[in-house]
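Spelled out from the first residue to the last, the chains are:
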Amino acid sequence: MTSIELLLQRQSTPLLTKPAPNPHDLDKILAAGMRVPDHACLQPWHFTVITGDGLQRFSDLLVHSSDSASANLTRIAKKPFRAPMIIVVSTEFVQHEKVPTQEQLISVGCCAHAMQMASVALGYGAMWRTGGLAYNTKIKQGLAIKEHDEIVGFLYIGTPCKEQELKTTKSFEKKVSYWE
Ligand SMILES: Cc1cc2nc3c(=O)[nH]c(=O)nc-3n(C[C@H](O)[C@H](O)[C@H](O)COP(=O)(O)O)c2cc1C
């Protein structure tokens, strides 16, 4: 797959299974996350890699942090097992006179995107998810994320369960104007 094919064919993989990225590939995925545009080089992000027994720990955290009814708790407990690896992408905002948190948040979003693309380039599949759990204060605390920081996404990564059909490309005509 060429770089332009990777960009033009990007899509998510909701159904993932083992194997997770091996340590060598994981290092590449994390390095791609570090390579994003970053005003003033603040590196305002943190990546928490959850795999192996960590998935059960994470599941316990989701359940204990949730105030849902018990039927819902069963569903929540299963969420981390949708993939063999999750990278929690969160902010680590830095006070800076020229770089507002809005710009830093955009950079951290780029991290999630870059790591999804790197995962695909290495032959894995990935899906960026959030949902209410990403905005839950207790979950943030459990992940040692500071109160003023944000979870930008849970990046689920693994091996695609099945061959996926390529979605049709969305037309850009209505989204672009030209000054010529
Ligand atoms: C910040 C963010 C949060 C998202 N959260 C969810 C989510 O919780 N659940 C979900 O099904 N899709 C979520 N998505 C969308 C998927 O990642 C995916 O982009 C979408 O299903 C469209 O599929 P595609 O990536 O193959 O085009 C989120 C996307 C972004 C950028």
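Further up the page is the structure itself.
For the structure given in this document, a descriptive report is provided here. (Residues numbered from 1 in each chain as written. Predicted model: local features only at pLDDT ≥ 70, side-chain atom pairs only at ≥ 80, totals over all residues.)

Now for the nonpolar core. In terms of nonpolar packing, the biggest core is built from 30 residues, with Ile-86, Ile-87, Val-89, Leu-155, Tyr-156 and Ile-157 touching the most fellow members. In this structure Tyr-156 touches Leu-16, Arg-82, Ala-83, Ile-86, Ala-126, Met-127 and Arg-129, once residues within four positions along its chain are discounted. (Core = buried A, V, L, I, M, F, W, Y, C linked by C-beta atoms within 7 Å. Buried ≥ 20, exposed ≤ 12 C-beta atoms within 10 Å, placed from the backbone. Contact = placed C-beta atoms within 7 Å.)

In this section: the site of the ligand. In the vicinity of the ligand, the contacting residues are Gln-11, Ser-12, Met-127, Trp-128, Arg-129, Thr-130, Gly-131, Gly-153 and Lys-167. In terms of residue count, strand β4 (residues 125-129) provides more of the shell around the ligand than any other element does, three residues in total. Residue composition of the shell around the ligand, by class: two nonpolar, five polar and two charged. (Near = placed C-beta within 6 Å. Helix = DSSP H or I, 4+ residues; strand = E, 2+ residues; numbered from the N terminus. Nonpolar A, V, L, I, M, F, W, Y, C, P; charged D, E, K, R; others polar.)

Taking burial as the measure, the ten residues of strand β5 (residues 151-160) include eight buried ones, the bulk of the element. Two strands pair when backbone bridges link them, and strand β1 (residues 16-17) and β5 are joined in this way by two bridges, in the antiparallel orientation. Counted as the bridge partner of Leu-16 is Pro-160 from β5. Relative to β5, strand β3 (residues 85-91) runs antiparallel, the two being bridged by six bridges. By the bridge assignment, Met-85 is partnered in β5 with Ile-157. (Pairing = 2+ DSSP bridges.)

Looking now at the packing of helix α2 (residues 23-33) against helix α5 (residues 101-121). Where α2 meets α5, the closest approach of the two axes is 7 Å, and the angle between their N-to-C directions is 145°. Judged by the twist between their axes, the crossing of α2 over α5 is right-handed. Residue-level inspection shows Lys-28, Ile-29, Ala-32 and Gly-33 of α2 in contact with α5, the latter providing Cys-111, Ala-114, Met-115, Met-117, Ala-118 and Ser-119. In terms of residue class, the contact of α2 with α5 is made up of seven nonpolar, two polar and one charged. (Axes fitted to C-alpha atoms, helices over the stretch in contact; angles between N-to-C directions. Left-handed = near helix turned anticlockwise from the far one by under 90°.)

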